[in-house]
There are 2 protein chains.
Amino acid sequence: MTKPQGLHQTVYAGAFVHSTDLNELEICENGAIGVDEDGKIAFVERNVEDLNAVVEKHGWKSPVLVRAPDCGFFFPGFIDTHIHASQYPNAGIFGKSTLLDWLETYTFPLESSLSSRPKAKTVYTRCVQRTLSHGTTTAAYYATAHAGSTNLLSDVCLQLGQRAFIGRCNMDSLAPDWYKDSSASTAVDDTRETIAHIASIDPEHKLITPILTPRFAPSCSSELLTQLGKLHAETGLPCQTHISENIPELELVQKLFPQYSSYADVYDAHGLLTPGMVLAHAVYLTPKEQALIKARDAKISHCPASNSSLSSGCARVRTLLDQGITVGLGTDISGGYSPSVLEAARQAALVSRHVAMTDGDAAKLSVEEVLYLSTKGGARVMGLDAKVGSFDKGLEWDAQMISLGVVPEGGTMGNVDEGPVDIFGWESWDERVAKWVYNGDDRNTRAVWVRGHKVHQKP
Amino acid sequence: MTKPQGLHQTVYAGAFVHSTDLNELEICENGAIGVDEDGKIAFVERNVEDLNAVVEKHGWKSPVLVRAPDCGFFFPGFIDTHIHASQYPNAGIFGKSTLLDWLETYTFPLESSLSSRPKAKTVYTRCVQRTLSHGTTTAAYYATAHAGSTNLLSDVCLQLGQRAFIGRCNMDSLAPDWYKDSSASTAVDDTRETIAHIASIDPEHKLITPILTPRFAPSCSSELLTQLGKLHAETGLPCQTHISENIPELELVQKLFPQYSSYADVYDAHGLLTPGMVLAHAVYLTPKEQALIKARDAKISHCPASNSSLSSGCARVRTLLDQGITVGLGTDISGGYSPSVLEAARQAALVSRHVAMTDGDAAKLSVEEVLYLSTKGGARVMGLDAKVGSFDKGLEWDAQMISLGVVPEGGTMGNVDEGPVDIFGWESWDERVAKWVYNGDDRNTRAVWVRGHKVHQKP
């Protein structure tokens with residue numbers, strides 16, 4: 001672990017890349033971004049020829065200087081809008097299962113075992129360090145049903161410096177006896193306990209924010225959903241859950257909640273379909289549900305790797321975006337196999353091509369679009385777009401420094417592992433970024449900052 | 001580059017994993033594999049308790065001992081049955097293109113530029129070193145239309161110790177004027193030149209074998225296909241091409257070759273559909289074509305990453321396997337974005353799940369199956385199953401040593417990059433292998449051997 005350092009005025013100089021809009025990736029080859037003692041972006045300069053002149057212009061005296069590598073750039077930190085920290089040890093373990101049997105076979109047993117604090121400490125520490133190493137500066141976590149180890153996850157994120165939303169899983173129905181809330185009221189009590197804990201360690205939610213987490217409709221009684229809806233209204237805290245991930249799940253919701261017109265309506269009727277709600281998956285939303293979600297301004301977390309792994313289906317991201325619904329990306333560990341948002345971006349591009357095979361070329365997501373979804377889109381999903389997601393004056397410095405390997409004449413690989421991306425020198429900047437998206441990994445993420453603090457550096 | 005060392009009797013001790021059949025992965029926790037001075041497997045012992053006793057039993061005196069890491073295993077080298085070495089610099093660069101415009105926009109300009117020997121040297125050296133680092137011990141390469149730089153690729157593979165099939169691209173039709181063979185006869189002459197070159201550097205084809213390479217039917221005249229068919233019969237050399245990758249391509253073939261009943265029939269009528277033919281893609285084969293391919297015992301290279309990237313479609317691998325057709329995996333750089341066969345295996349699993357979404361669960365490929373396709377299946381595709389693909393007595397030692405990261409109590413990551421796979425200690429061996437397949441990368445490939453020579457070691 002890299003300990004957060006004290007903050008000095010710092011100038012990040014060199015190339016930077018960030019999304020200004022869904023389709024627009026700004027690539028600035030000679031930039032200088034000034035970050036102040038509060039970790040906020042004080043200035044963004046482009047076409048810099050004389051760095052000293054820039055520093056002087058802003059009246060800064062001897063700031064710390066951090067230079068991007070020659071073949072590299074600063075990029076906003078990734079935002080993972082859906083990840084189960086508790087399932088991290090199962091990454092890659094799912095066999096040929098689909099959602100409902102996957103939950104029973106792999107997921108509930110592992111989550112249940114995290115009642116053990118030492119085990120939870122090991123799992124959460126590794127999960128948070130891993131995601132930081134992949135450039136994830138903000139994560140919306142599901143923990144487990146245990147208040148104690150959920151609080152431990154909050155502690156770990158605060159200690160390691162990751163911006164996080166921490167949700168205790170609420171589940172008083174349709175779960176094994178050995179892993180469920182005993183009633184709606186104990187579930188809400190335990191959830192309040194996790195809210196209180198975060199209030200005690202990070203009262204202003206500078207890094208850690210509680211997030212209300214009904215697991216998904218089938219695992220919650222109507223009573224529990226009602227109480228969580230009230231808590232949502234009372235506290236103004238954000239909320240996260242799953243929606244419309246696979247077909248047997250849809251049928252189950254219809255059977256369990258026959259009085260509601262749709263899966264989305266179940267959440268809406270319980271006061272949970274609001275601008276503060278993050279809905280993961282959204283593979284099979286009907287046009288009516290999409291319209292309702294748009295009307296309520298609820299957000300969607302697209303989890304492409306998970307949807308392929310569990311053969312859930314293909315979310316129609318283009319359709320959602322065309323309707324003005326806010327979408328971000330989720331790794332969905334361990335329905336998804338990888339803790340990397342870069343991998344989620346890659347899978348979003350590939351899954352959109354599978355959609356294109358049936359729906360036509362318009363469905364394809366570009367490199368620019370998947371990078372938007374993984375940063376600024378994610379920030380909007382989490383209600384953080386006034387704080388992070390791009391490099392604009394006044395935002396906080398949540399960023400990663402990317403370096404790409406340079407192939408020397410002759411082509412021979414050296415003795416240093418420069419990561420999996422090979423730049424030959426004739427590529428345009430757009431092409432370099434595309435190569436990073438399709439072949440890059442955590443080796444290309446040399447350093448990571450949250451709120452101006454360095455929270456990860458490549459060994 | 002790691003220089004091949006002189007060979008001594010060597011015992012590879014510890015866990016080993018290999019495919020015995022499509023569905024059967026043998027995981028031997030305590031094994032010992034003896035490799036003789038010729039790089040051949042002299043013995044395979046299981047349930048080894050006393051290594052010295054094993055060595056004595058076989059009458060070996062002080063062999064070199066190579067131990068698998070505690071949380072690791074020996075695994076057969078990967079076999080990439082379809083990769084364009086010449087397109088390696090474009091890995092990840094394809095935008096929203098599909099096959100035919102992708103060829104025009106990205107591929108032909110790059111390939112054409114490899115008429116420059118220094119550029120070809122740089123590109124091929126890096127491509128071969130990269131694929132070795134990913135554990136690819138055998139690759140079936142497409143070079144370019146240039147005999148000179150094709151020969152250079154043969155030299156590079158021989159020098160770096162990779163087992164390779166080297167094909168000069170034959171294309172006298174439907175290609176840009178600035179990048180095509182001027183006639184069928186010059187194409188065949190140039191191809192003969194590459195065959196002669198390999199005969200001069202590796203006369204017994206111990207490592208390097210020429211492979212006849214009509215690019216694909218649309219870029220070859222009937223005359224050229226006829227001559228290559230004759231050369232195939234005359235020399236007995238293997239052959240590789242593309243088939244049925246995307247729909248506009250099918251239509252083009254129908255238009256260019258109206259007298260033939262199908263795409264497969266075009267190759268068959270020219271004497272090219274034989275047991276020595278490797279057909280890449282095979283996404284849209286009709287049942288009749290599948291039956292013809294089966295009858296001719298031609299082989300198929302499945303390229304899942306490429307088929308998703310270029311939104312070509314989803315090959316029906318289960319259907320092909322059920323009919324007894326021999327299938328292996330190809331990275332198809334740079335239709336595919338990654339030079340890693342492990343990534344191809346992962347994508348094969350994911351694409352099969354996309355097929356399952358429409359065709360039903362039987363389409364899903366398991367971890368065991370994709371590992372078979374990437375090793376023993378690939379060996380059968382390349383006609384090498386009597387030499388490599390698994391760990392059996394008499395086969396050559398083409399292998400990789402895999403190590404997985406071990407998470408210590410407390411979970412903290414150390415200062416050494418142990419790769420992306422985290423093993424917590426409670427996983428079964430099957431689960432460890434699954435974690436490797438879904439999250440592993442070249443960092444987990446600590447060392448690679450071909451014919452008993454070490455050809456790569458992690459820096």
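About the thresholds
Residues numbered from 1 in each chain as written. Chains lettered and ligands numbered in written order. Predicted model: local features only at pLDDT ≥ 70, side-chain atom pairs only at ≥ 80, totals over all residues. Heavy atoms only, no water. Core = buried A, V, L, I, M, F, W, Y, C linked by side-chain atoms within 4.5 Å. Buried < 20%, exposed > 50% of the residue type's maximum accessible area, 1.4 Å probe, protein only. Contact = heavy atoms within 4.5 Å. Buried area = accessible area lost by both parts, 1.4 Å probe. Salt bridge = Lys/Arg side-chain N within 4 Å of Asp/Glu carboxyl O. Polar contact = N/O pair within 3.5 Å; in protein donor to acceptor, adjacent residues only side chain to side chain. Helix = DSSP H or I, 4+ residues; strand = E, 2+ residues; numbered from the N terminus. Nonpolar A, V, L, I, M, F, W, Y, C, P; charged D, E, K, R; others polar. Least-squares fit on C-alpha atoms with pLDDT ≥ 70 in both. Domains from an automatic or database assignment. Pairing = 2+ DSSP bridges. Right-handed = clockwise from strand over helix to strand, strands pointing away. Expected span 1.5 Å × (residues − 1). Axes fitted to C-alpha atoms, helices over the stretch in contact; angles between N-to-C directions. UniProt positions renumbered as here; feature names shortened; annotations may be inferred. Phe/Tyr/Trp six-rings, centres within 6.5 Å; stacked < 30°, edge-to-face > 60°. Lys NZ or Arg CZ within 6 Å of the ring centre and 35° of its normal. Left-handed = near helix turned anticlockwise from the far one by under 90°.

Enquirer: Just to check I follow, could you spell out the nonpolar core for this structure?
Expert: Nonpolar side chains tend toward joint burial in soluble globular proteins. A:F73, A:W436, B:F73 and B:W436 are the most contacted members of the largest nonpolar core, which totals 168 residues. In this view, B:W436 contacts B:F73, B:F75, B:F78, B:L342, B:R346, B:L371, B:I402, B:L404, B:V421 and B:N444; residues no more than four positions away in its chain are not counted.

Enquirer: What's the story with the interface of chain A and chain B in this structure? I'm lost.
Expert: The extent of an interface is frequently quoted as the accessible surface area lost upon association of the parts. With 69 residues of chain A at the contact, the number on the chain B side is 69 residues. At the boundary of chain A with chain B, total buried surface from both sides reaches about 5,500 Å², with 57% on carbon and sulfur atoms. When the buried area of chain A at its contact with chain B is split by residue, A:K96, A:R126 and A:M413 rank highest and sum to 13% of it. Where chain A meets chain B, there are 8 salt bridges. The partner of B:D442 in a salt bridge is A:R443, and the shortest N-O contact between them spans 2.8 Å. Across the chain A-chain B interface, the total number found is 36 residue pairs in polar contact (both at pLDDT 80 or more). Listing elements by their share of the side of chain A that touches chain B, those giving two or more residues are α3 (117-133), α10 (304-309), α12 (341-359) and α14 (429-439) of chain A. Taken together, the residues of the side of chain A that touches chain B break down into 25 nonpolar, 24 polar and 20 charged.

Enquirer: I would appreciate a short explanation of the environment of B:E26 in the present structure.
Expert: Residues and elements named next belong to chain B. As for its placement among the helices and strands, E26 is situated in strand β2 (residues 24-35). When the C-alpha positions of E26 and F391 are compared, they lie 10.0 Å apart, and in sequence the two are 365 residues distant. Here E26 is in contact with F16, V17, H18, T20 and R46, once residues within four sequence places are set aside. Within the structure, E26 has its side chain in polar contact with the side chain of R46 (distance 2.4 Å).

Enquirer: Please explain the relation of the copies chain A and chain B as it appears in this structure.
Expert: The transformation that overlays chain A on chain B combines an axial shift of 0.0 Å with a rotation of 180°, and the residual RMSD is 0.0 Å. Accordingly, the operation relating the two chain copies is best matched by a two-fold axis. Minimal C-alpha distance to the rotation axis in chain A is attained by A:H354, lying at 4.0 Å. Same-surface contact between copies: 100% of interface residues of chain A are shared with the interface of chain B.

Enquirer: Whenever I open this one, the domain arrangement of chain A confuses me. Can you help?
Expert: Residues and elements named next belong to chain A. Each assigned domain of chain A is listed with its residue range as follows: domain 1 (10-76 + 390-457) and domain 2 (78-381). Look at where the C-alpha atoms of domain 1 and domain 2 centre, and you get two points 30 Å apart. The partner domain 2 presents 26 residues to the 30 residues of domain 1 that form the contact. Considering only the surface of domain 1 that becomes buried against domain 2, L22, V437 and Y438 emerge as the three largest contributors, covering 27% of it. Viewed at the interface, domain 2 and domain 1 are joined by 2 salt bridges. Notably, a salt bridge pairs E396 with R163, separated by 2.7 Å at the nearest N-O pair. For the interface between domain 1 and domain 2, the tally reads 7 residue pairs in polar contact (both at pLDDT 80 or more). Going through the elements one at a time, β1 (10-21), β5 (72-76), β16 (399-403), α14, β19 (445-450) and β20 (453-457) are the ones with two or more residues in the side of domain 1 that touches domain 2.

Enquirer: Explain the pairing of strand β13 (residues 277-281) of chain A here, please?
Expert: Sheet faces and side chains relate simply in a regular strand, where the side chains alternate between the two faces. Residues and elements named next belong to chain A. With 5 of 5 residues buried, β13 is to be regarded as a mostly interior element. Both strand β12 (residues 239-243) and β13 contribute to a ladder of 5 bridges, which runs parallel. Bridged to C239 within β13 is M277. By the bridge criterion, 3 bridges tie β13 to strand β14 (residues 299-302) in an arrangement that is parallel. Looking at β14, one finds that A280 is bridged to S301. Following the chain from β13 across helix α9 (residues 287-296) to the adjacent parallel β14, one finds a crossover that is right-handed.

Enquirer: How do you make sense of helix α4 (residues 147-160) of chain B when you look at a structure like this?
Expert: An α-helical turn contains 3.6 residues, so a residue and the one three or four places further along point in the same direction. Residues and elements named next belong to chain B. With 14 residues, α4 ought to run about 20 Å at 1.5 Å a step, and its terminal C-alpha atoms sit 20 Å apart, in line with that. Most of α4 is tucked away: 11 of the 14 residues are buried. Taken together, the buried positions of α4 are occupied by A147, G148, S149, T150, N151, L152, L153, S154, V156, C157 and L160. Where α4 is buried, its residues contact α3 (117-133), β7 (136-142), β8 (163-167), α5 (184-201), β10 (208-210) and β20 (453-457).

Enquirer: Could you clarify how one ought to interpret the sheet that holds strand β15 (residues 327-329) of chain A in this entry?
Expert: Strand pairing within a sheet occurs via backbone hydrogen bonds; the two strands may be parallel or antiparallel. Residues and elements named next belong to chain A. Spatial ordering of the open sheet is given by β12-β13-β14-β15, a layout of 4 strands whose pairing is parallel. Here the strands that pair on one side only, and so sit at the sheet edges, are β12 and β15. If you compare each strand with its neighbour and ignore which way they point, the axes differ by 30° on average. As defined by bridge partners, β14 adjoins β15 across 3 bridges and the pair is classed as parallel. Paired with S301 across the strands is G328, a residue of β15.

Enquirer: Mind showing me how you'd approach helix α12 (residues 341-359) of chain B here?
Expert: Residues and elements named next belong to chain B. The end-to-end C-alpha distance of α12 is 25 Å, a good match for the 27 Å that 19 residues give at a rise of 1.5 Å each. In terms of residue burial, α12 counts as a mostly covered element, since 16 of its 19 residues are buried. The N-terminus of α12 is capped by S340, whose side-chain oxygen sits 3.1 Å from the backbone nitrogen of L342.

Enquirer: I'm lost on the UniProt feature "domain: Amidohydrolase-related" (unreviewed entry) in chain A in this one. Help?
Expert: Per the UniProt entry, the sites bearing "domain: Amidohydrolase-related" (unreviewed entry) are residues 75-454 of chain A in this numbering. Strand forms 16% of residues 75-454 of chain A and helix 43%; the C-alpha atoms that close the span are 14 Å apart.

Enquirer: Could you clarify how one ought to interpret the packing of aromatic side chains in this entry?
Expert: Ring pairs (aromatic) are described by centroid distance and by the angle formed between their planes. Going through the model one piece at a time under the given rule, you end up with 44 aromatic pairs over all chains. Centroid distance A:F73 to A:W429: 6.2 Å. Interplanar angle 70°. Geometry classified as edge-to-face. Taken together, the residues span a long stretch of sequence, with A:F73 in strand β5 and A:W429 in helix α14 at a distance of 356 residues. For the pair shown, A:F73 and A:W429 are each scored as buried. Between B:F43 and B:W60, the aromatic rings sit 5.0 Å apart at their centres with planes inclined by 65°, giving edge-to-face as the arrangement. Here B:W60 lies in the loop between α1 (51-57) and β4 (64-67) and B:F43 lies in strand β3 (residues 41-45), a separation of 17 residues in the sequence. Pair check on accessibility: B:F43 and B:W60 agree, each one buried. The ring of B:W429 carries the charged tip of B:R432 above its face, separated from the ring centre by 4.8 Å.

Enquirer: Is there a simple way to explain the packing of α12(A) against α12(B) in this structure?
Expert: Geometry of a packed helix pair, given as the angle between the helix axes and the separation of the axes. Look at α12(A) against α12(B): their axes get within 12 Å of each other, and the N-to-C directions meet at 40°. Of the two elements, α12(A) crosses α12(B), and the hand of that crossing is right-handed. Across the interface between the two elements, A:Q347, A:L350, A:V351 and A:H354 from α12(A) touch B:Q347, B:L350, B:V351 and B:H354 from α12(B). Across the contact of α12(A) with α12(B), the residue classes break down as 4 nonpolar, 4 polar and no charged.

Enquirer: What is the right way to look at the side chain of B:S219 in this model?
Expert: Note that B:S219 resides in the loop between β11 (213-214) and α6 (222-235). Leaving out residues up to four positions away in the same chain, B:S219 has contacts with B:N170, B:M171, B:D172, B:S173 and B:L174.

Enquirer: Can you walk me through the sheet that holds strand β14 (residues 299-302) of chain B in this structure?
Expert: Residue and element names in this part refer to chain B. The strand order across the open sheet built from 4 strands is β12-β13-β14-β15, with neighbouring strands paired in parallel fashion. Two strands in the sheet have a free side with no partner beyond their single neighbour: β12 (239-243) and β15 (327-329). The mean inter-strand angle of the sheet, taken between neighbouring strand axes irrespective of direction, is 30°. Lying over the sheet, helix α13 (residues 367-381) contacts β13 (277-281), β14 and β15, oriented at roughly 115° with respect to β15.

Enquirer: Help me understand the environment of A:Q323 in this model?
Expert: Residues and elements named next belong to chain A. One can find Q323 in the loop between α11 (317-322) and β15. When the C-alpha positions of Q323 and V455 are compared, they lie 37 Å apart, and in sequence the two are 132 residues distant. With near-sequence residues (within four places) excluded, Q323 lies in contact with Q290, A291 and K294.

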